[in-house]
Amino acid sequence: MRIVVAVKYVPDIHADRRFDEGRVVRSSEEGTLNELDENAIEAALKIVESLPEDEQASSEVVVLTMAGPEADTAIRKAYQMGVGRGVRVSDEALAGSDYFGTVSALAAAIRKLEEEGPVDLVVTGMAALDGLGSVVPVLLAAELDLPQLTLAGKLEVDAQARTAQVTRELDDALEVLSAPLPAVVSVTDHANWPRFPNFKLIMAARTQPIEVWDLADLGVDPVTVGDAGARTHVLSATPRPPRPEVEVVVDKGEGGRALAEFLIRNELV
């Protein structure tokens, strides 16, 4: 069983976002593995761990990302969780890629992995916390011409029958869907509880090698990705305005009136 987990390196959600020429500034000091991708990694690891021991030995979980060298932080976090191999797609021509360019590069990397042996499953998180587009799993399935099972609250794989089954939580029902392997699956943050890295894996992750592929390695034409191939462009980006000073009212019997006046003054009622 070979599983590829597509992950993203994102700015820490608690850090201030900065933009440079319409792009989010990413640095290793402030970035991290997308939190929702930890659920995807956990799902992949659990699938392998559920296999018989002899099949586990021949199985592989590969974490894949498209970013600059700073994204090694995210890959090493995946190593700490137990992933055995990490691939980073990096190329200056990828700067400014939109969702379509990103998916084109990721799909090409997955096809390159398939040259070594079949890829049985592609797993992603439900969204990246920096953009919250939630479209990469769908676009990736379309690019790879694979069935898609998205927003899975539960994922089960039958390796013998070569099928994946997911359960999705709707407002008033549970939806159960299945598809033959290979397939693309995205999991929600309800799918599992990502494991805590142990000390041995943390230490090993520091020196574990990371493979780096560029567009030439993948056979991708640079004009189809990055700014050159983007179908969307950021026209402008401005810092978030500072919050107004907090108005503190000490309630001496008129607190309700002060609250009502505040709501009316700010047209909140």
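Up top is the structure these notes are about.
Residues numbered from 1 in each chain as written. Predicted model: local features only at pLDDT ≥ 70, side-chain atom pairs only at ≥ 80, totals over all residues. Heavy atoms only, no water.

> Describe in detail the pattern of salt bridges, supporting the description with residues and values.
Under the criterion given, the structure shown has 15 salt bridges. Asp 130 is the salt-bridge partner of Lys 8, the closest N and O atoms lying 3.0 Å from each other. Pair noted here: Lys 8 is in the loop between strand E1 (2–6) and strand E2 (9–11) and Asp 130 is in the loop between strand E8 (121–125) and helix H5 (136–144), with a separation of 122 residues, a long-range link. Between Lys 77 and Glu 38 there is a salt bridge, and its shortest N-O distance comes to 3.1 Å. Pair noted here: Lys 77 is in helix H3 (residues 72–81) and Glu 38 is in helix H1 (residues 37–49), with a separation of 39 residues, a long-range link. Classification of Lys 77 as partly exposed rests on a relative accessible area of 23%. Taken together, the salt bridges that share partners define one network made up of Arg 2, Glu 60, Arg 85, Glu 116 and Glu 211. (Salt bridge = Lys/Arg side-chain N within 4 Å of Asp/Glu carboxyl O. Helix = DSSP H or I, 4+ residues; strand = E, 2+ residues; numbered from the N terminus. Buried < 20%, exposed > 50% of the residue type's maximum accessible area, 1.4 Å probe, protein only.)

> Summarise the pairing of strand E11 (residues 163–169); cite the residues concerned and give the values.
For strand E10 (residues 154–158) and E11, the ladder comprises five bridges, and the chain directions are antiparallel. If you follow Glu 156 over to E11, its bridge partner there is Gln 165. Between the antiparallel neighbours E10 and E11 lie four residues, among them Arg 162 with a positive phi of about 60°. Hairpin remark: E11 followed by strand E12 (residues 174–180), antiparallel, with four residues in the connecting loop. (Pairing = 2+ DSSP bridges.)

> Hey, could you go over the packing of aromatic side chains for me, with residue numbers and the actual values?
Applying the stated criterion across every chain yields a total of zero aromatic pairs. Just above the ring of Trp 213 sits the side chain of Lys 112; from NZ or CZ to the centre is 5.2 Å. The aromatic ring of Phe 100 is capped on one face by Arg 231, whose charged end is 3.9 Å from the ring centroid. (Phe/Tyr/Trp six-rings, centres within 6.5 Å; stacked < 30°, edge-to-face > 60°. Lys NZ or Arg CZ within 6 Å of the ring centre and 35° of its normal.)

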